[in-house]
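Structure at a glance
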Amino acid sequence: MKKILLTFIALVSAFSAKADEGMWLLKLMEQQHLADSLEKAGLQISPNDLYNENAPSLRDVVGIFGNGCTGEIVSSEGLVLTNNHCGFSYVHDISTMDHNYLYEGFFAKIRAEEVQCPDLTFTFVIRIDDVTAEIEKIAKKKKVDFYTMQSYDFLSGLTDQMLKKSGLSKMKGISLRIVPYFGGNQFYAFYEQTYSDVRLVVNPPMQIGQYGFNQDNWMWPRHNADFAMFRVYADKDGQPAEFAEDNQPLQCKKWLPVSLQGVKENDYTMIMGFPGRTSRYLTKSQVELRCGSINEPINMAGEAELDFMKQQMDSDPALALKYADDYMSLGNRVKNYGGMNASVKSTHLLDIKADEEKAFRAFAAQSDKAEYSDIIDRINDCCATYKDTIYDYNLFSQTFDAQSMLMRKSSITAFTEALESGKGLELARKNFLDAYTREICSVDLVYDEQKMNLLTPYWIENHRLDAQPSFVKGKTAEEMKEYFRQIFHESAFINRKTAEAFIDTCTLEQFNADPLIKHENIVLNFPQKVYKPAIADYNETITNLNRTYVGGLCEMYDWAKSPDANFTLRMTYGHVGGYDPRDAVHYDWKTTLTGMMEKENPKDPDYVIDEKLRSFYLNKNYGRYARPDGELPTCFLTNNDITGGNSGSPVLNAKGELIGLAFDGNIESLSSDLRFNPALQRCICVDIRYVLFICDLYGGSSYAVDEMTIR
């Protein structure tokens, strides 16, 4: 027992020493004594300048870019900086082979040239309220359990009522998110205002913005200018409005000043943004489930699909543009999951979690709360019960569900019901053909068939449960090739002409017998019957258990740890510095354009140098953006605690000036979503001098740079 108690004391002491850990909710600044820590770390401005509910602060300049990234206001007229990979899908959607903004880049020379990006939004946080007591009161009145209390359906059902009470409901573009913290032990309401007219100003060419592409993803050293610039537009009253030619740039009361003074090793840095999700309160068995039942199957089949996609994209510029967004998205996830598993092993995270569990058991034995005594064992049992189901579900998603020639279930169901009833057939046919045109008419059949033949063996050889889709059960990989040949060559839906003819005359029996529809009915229904009920049971059980365990851990640590990330506004602070990833290896904290030239490989499309950029390099024509030694800085490292969703976040110095943009983490620390590792975790940032050089001297978008406050 003495040894266990000493372990507990050591864990708490170790946490106290890691001042840079934490994605802090600034609403809790006073309760968690964060202001003192910031001052000791090197902050030179008032903490009120970071978050203030009564005056402009950094809260007013950092927002949600699109659906999953961060952006920041850098001028009084709504100019936004974020990452290139955050704007990637939006720029992809407006690119064509004639105007390939994704690969060739885009630089507006005047404001009139800024391009609308349909479906792109920018969202500001207006107010944050602690609503824990209110949520618990309502939940008690409605007699809902802890799982339901944290669910989206329950919380979203309260937003209208709470918006009305807030006095903000008449604001244009206003919405409310109620978000659980600390495993559902606390709740906060985020009042957010969304602008829907956002236009592209600058997007660097692919060879600059994504130099090294997926090969360099999560890697250091880096040399890509991972940034893009947009502008938020509003109506004549400065309020959110749909795109209109007479909309005006958003007039902002506060924006980030930019520093061209550069950074030095050990300089104070802070990052504000919207980190997506961390899971640092997991038990050992939960980490094992994450690595073995989620990461492993996705990484295994995903790597094969990525290799296949890369071969196709390198062979044809049209395919490169068509699949660029899919490749970017899949590559990021697959490399992240594989890197996480490797990092869990190399950092001995399972042993660390086991020690934490010993400490918690000792704490539980001294606690007066009986629910703590067996909570770890109950979590272990839950993980053991569902791990194989979760594994097969993720393997299924990464193999059969990766087929592009699949229509939505609702589209098939609606037409089936019309055939069955004989009512509204004419409209049903039209709606089905419209859905077919949107969803699968443009699918590359050769590409998709080859992909399915590639991925199917991963299912055959690795699934764990006896339950399998009927179309694959008992079949070999060769037999499955014939099965997919029938789908991709004999279905009525392989082109628009045959689809129209078939839909005009088919009976219900004929429709269901078509090779594609027959296959889809299995693919769409099998997970619903086999996986989803079990996974729903797992989620409900583990959520209720986690609330107890996380609450106990917080109590054990005296509520000194920051809450897990949940895509809400957070701040992290740290310092500039390199790291030592393994024996006899040291990484410096900074890179220059020279390093990009050293990586050049004309035979690899990912490492081809942009010739215009090369000319600047050869002439050392960097203007005011050069370092004192004449080199152009590209990227630098900090030890800030970030994760996905922080992409595009501003990296600020001690004075609150913009010095770079966060865009990646390092592969050695990808287990940091499960536990912060101060020795290894690094945030990869693009230097603001590199960003402005590309905008200004390389691209000629000087009018945008001139708007900024540059020091």
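The model shown is predicted, which means the values in this text are computed figures rather than measured ones. (Residues numbered from 1 in each chain as written. Predicted model: local features only at pLDDT ≥ 70, side-chain atom pairs only at ≥ 80, totals over all residues. Heavy atoms only, no water.)

**What to know about the environment of Ser-562**
The cut-off we apply is this: Put simply, DSSP marks the helices as runs of H or I at least four residues long and the strands as runs of E at least two long, and each gets a number from the N terminus on. Two residues qualify as a contact provided that any one of their heavy atoms is within 4.5 Å of a heavy atom in the partner residue. Distance and chemistry together define a polar contact, namely a pair of N or O atoms within 3.5 Å, with one atom able to donate a hydrogen and the other to accept it when in protein, and with adjacent residues in sequence counting only for side-chain atoms on both sides.
Residue placement: Ser-562 occurs in the loop between helix H22 (532-556) and strand E13 (570-575). In this structure, the C-alpha to C-alpha distance between Ser-562 and Lys-599, residues 37 residues apart in sequence, is 39 Å. If sequence neighbours within four positions are ignored, Ser-562 has contacts with Gly-22, Met-23, Trp-24, Phe-182 and Tyr-281. At 3.2 Å, the side chain of Ser-562 forms a polar contact with the backbone nitrogen of Met-23.

**Some details on the sheet that holds strand E19 (residues 658-665)**
Either a parallel or an antiparallel arrangement is found when strands of a sheet pair, and the pairing is made through backbone hydrogen bonds. Formally: Being paired, for any two strands, means DSSP has found at least two bridges between them. The axes used here are C-alpha line fits, helices contributing only the stretch in contact, and every angle between their N-to-C directions lies in the interval 0 to 180 degrees.
With antiparallel pairing, seven strands are arranged side by side in an open sheet as E13-E12-E18-E19-E20-E17-E16. Both outer strands of the open sheet, E13 and strand E16 (590-592), are each paired with one neighbouring strand and no more. For this sheet, the mean angle separating the axes of adjacent strands, direction not counted, is 30°. Looking at chain direction, strand E12 (residues 268-273) and strand E18 (residues 650-652) are connected through two bridges and run antiparallel.

**Section: the pairing of E12**
Put simply, the rule reads: The classification of residues rests on relative accessible area computed with a 1.4 Å probe and restricted to protein chains. Under 20% of the type maximum is buried, over 50% is exposed, and intermediate values are partly exposed.
Counted residue by residue, E12 has six buried out of six residues, so it is predominantly covered. Residues Tyr-268, Met-270 and Met-272 line one face of E12 and the alternating positions Thr-269, Ile-271 and Gly-273 line the opposite face, and both faces are buried. Alignment of E12 against E13, held across six bridges, turns out to be antiparallel. If you follow Gly-273 over to E13, its bridge partner there is Arg-570.

**Points about unusual backbone geometry**
Geometrically, the link from Trp-220 to Pro-221 is a cis peptide bond, its omega value of 5° lying close to zero. Position of Pro-221 relative to the elements: it lies in the loop between helix H10 (213-216) and strand E10 (228-234). Unusually for a residue other than glycine, Lys-143 sits at a positive phi of about 55°. By the element assignment, Lys-143 lies in the loop between helix H5 (132-142) and helix H6 (146-150). The backbone of Phe-567 shows a phi angle near 55°, a positive value even though the residue is not glycine. Relative to the helices and strands, Phe-567 resides in the loop between H22 and E13.

**Examining the nonpolar core**
What counts, and what does not: Among buried residues, those of type Ala, Val, Leu, Ile, Met, Phe, Trp, Tyr and Cys that are joined through side-chain atoms within 4.5 Å constitute a nonpolar core.
One finds Phe-230, Phe-360, Phe-493, Phe-511, Tyr-690, Phe-693 and Ile-694 to be the most contacted residues of the largest nonpolar core, which totals 200 residues. Those residues within four positions of Ile-694 in sequence are excluded, and the remaining contacts are Phe-107, Pro-204, Ile-208, Ala-225, Phe-227, Leu-613 and Gly-699. Core analysis: the second largest hydrophobic core is formed by 17 residues, Leu-155, Leu-158, Met-162 and Phe-187 among them.

**Concerning the confidence of the model for the protein**
Note the cut-off: pLDDT: the predictor's confidence for each residue, scored from 0 to 100.
For the protein, per-residue confidence averages 93 on the pLDDT scale, and 97% of positions sit at 70 or higher. Low pLDDT, under 50, characterises residues 1-19; the stretch is placed with 21 contacts to residues that sit more than four places away or in other chains.

**Some words on the environment of Asp-267**
With respect to the helices and strands, Asp-267 occurs in the loop between strand E11 (248-249) and E12. Sequence-wise, Asp-267 and Met-571 are 304 residues apart; in three dimensions their C-alpha atoms are separated by 17 Å. Look past the residues within four positions of Asp-267 in its chain and what remains in contact with it is Gly-574, His-575 and Val-576. A distance of 2.7 Å separates a polar side-chain atom of Asp-267 from the backbone nitrogen of Lys-264.

**A few points about the packing of aromatic side chains**
Inclusion rule: Each pair of aromatic rings taken from Phe, Tyr and Trp, with Trp reduced to its six-membered ring, is defined by centres within 6.5 Å and is described as stacked if the planes are under 30 degrees apart, edge-to-face if over 60, and tilted in the remaining cases.
Taken as a whole and assessed by the stated rule, the structure comprises 41 aromatic pairs. Ring geometry for Phe-471 and Tyr-483: centres 5.3 Å apart, planes at 10°, overall stacked. A residue pair is termed long-range when its members are at least 10 positions apart, and Phe-471 in the loop between helix H17 (445-462) and helix H18 (477-490) and Tyr-483 in helix H18 qualify at twelve residues. Each residue in the set Tyr-393, Phe-396, Phe-400, Trp-459, Phe-471, Tyr-483, Phe-484, Phe-488, Phe-526 and Tyr-531 is aromatic and connected to the rest through ring pairs, giving one cluster.

**Notes on the environment of Thr-591**
As for its placement among the helices and strands, Thr-591 is situated in strand E16. Sequence separation between Thr-591 and Trp-220 is 371 residues; the distance between their C-alpha atoms is 9.4 Å. Setting aside residues up to four positions removed in sequence, Thr-591 forms contacts with Trp-220, Pro-221, Arg-222, His-223, Leu-632, Pro-633, Thr-634 and Cys-635. Reaching out from Thr-591, the side chain makes a polar contact with the side chain of Thr-634 at a distance of 2.6 Å.

**Regarding the state of the cysteines**
Keep this limit in mind: Only a pair of cysteine sulfur atoms within 2.5 Å qualifies as a disulfide here.
For the structure on display, the rule yields one disulfide. No disulfide involves Cys-383; its sulfur sits 5.7 Å from that of Cys-382, the nearest cysteine.

**What to know about the side chain of Thr-638**
Within the element layout of this structure, Thr-638 appears in strand E17 (residues 633-638). In terms of polar contacts, Thr-638 uses its side chain to reach the side chain of Asn-640, at 2.6 Å. Sequence-distant contacts of Thr-638, defined by excluding residues within four places in its chain, comprise Thr-269, His-575, Val-576, Gly-577, Gln-681, Arg-682, Cys-683 and Cys-685.

**Focus: the side chain of Asn-217**
Here Asn-217 is to be found in the loop between H10 and E10. Residue Asn-217 is classed as buried on the basis of its relative accessible area, which comes to 11%. Only 3.2 Å separates the side chain of Asn-217 from the side chain of Asn-332, close enough to count as a polar contact. Ignoring any residue separated from it by four or fewer positions in sequence, one finds Asn-217 in contact with Arg-222, Gly-331, Asn-332, Lys-335 and Asp-664.

**Some thoughts on the pattern of salt bridges**
Pairing between side chains becomes possible if they bear opposite charge and their charged atoms approach one another. What counts is decided by this rule: Every case where a carboxyl oxygen of Asp or Glu lies within 4 Å of a side-chain nitrogen of Lys or Arg is listed as a salt bridge.
Evaluated as defined, the whole model comprises 36 salt bridges. The salt bridge involving Glu-114 is made with Arg-231; its shortest N-O contact spans 3.0 Å. With a gap of 117 residues between them, Glu-114 in the loop between strand E4 (106-107) and strand E5 (115-116) and Arg-231 in strand E10 connect regions that are remote in the sequence. Glu-114 gets classed as buried once you look at its relative accessible area, which sits at 7%.

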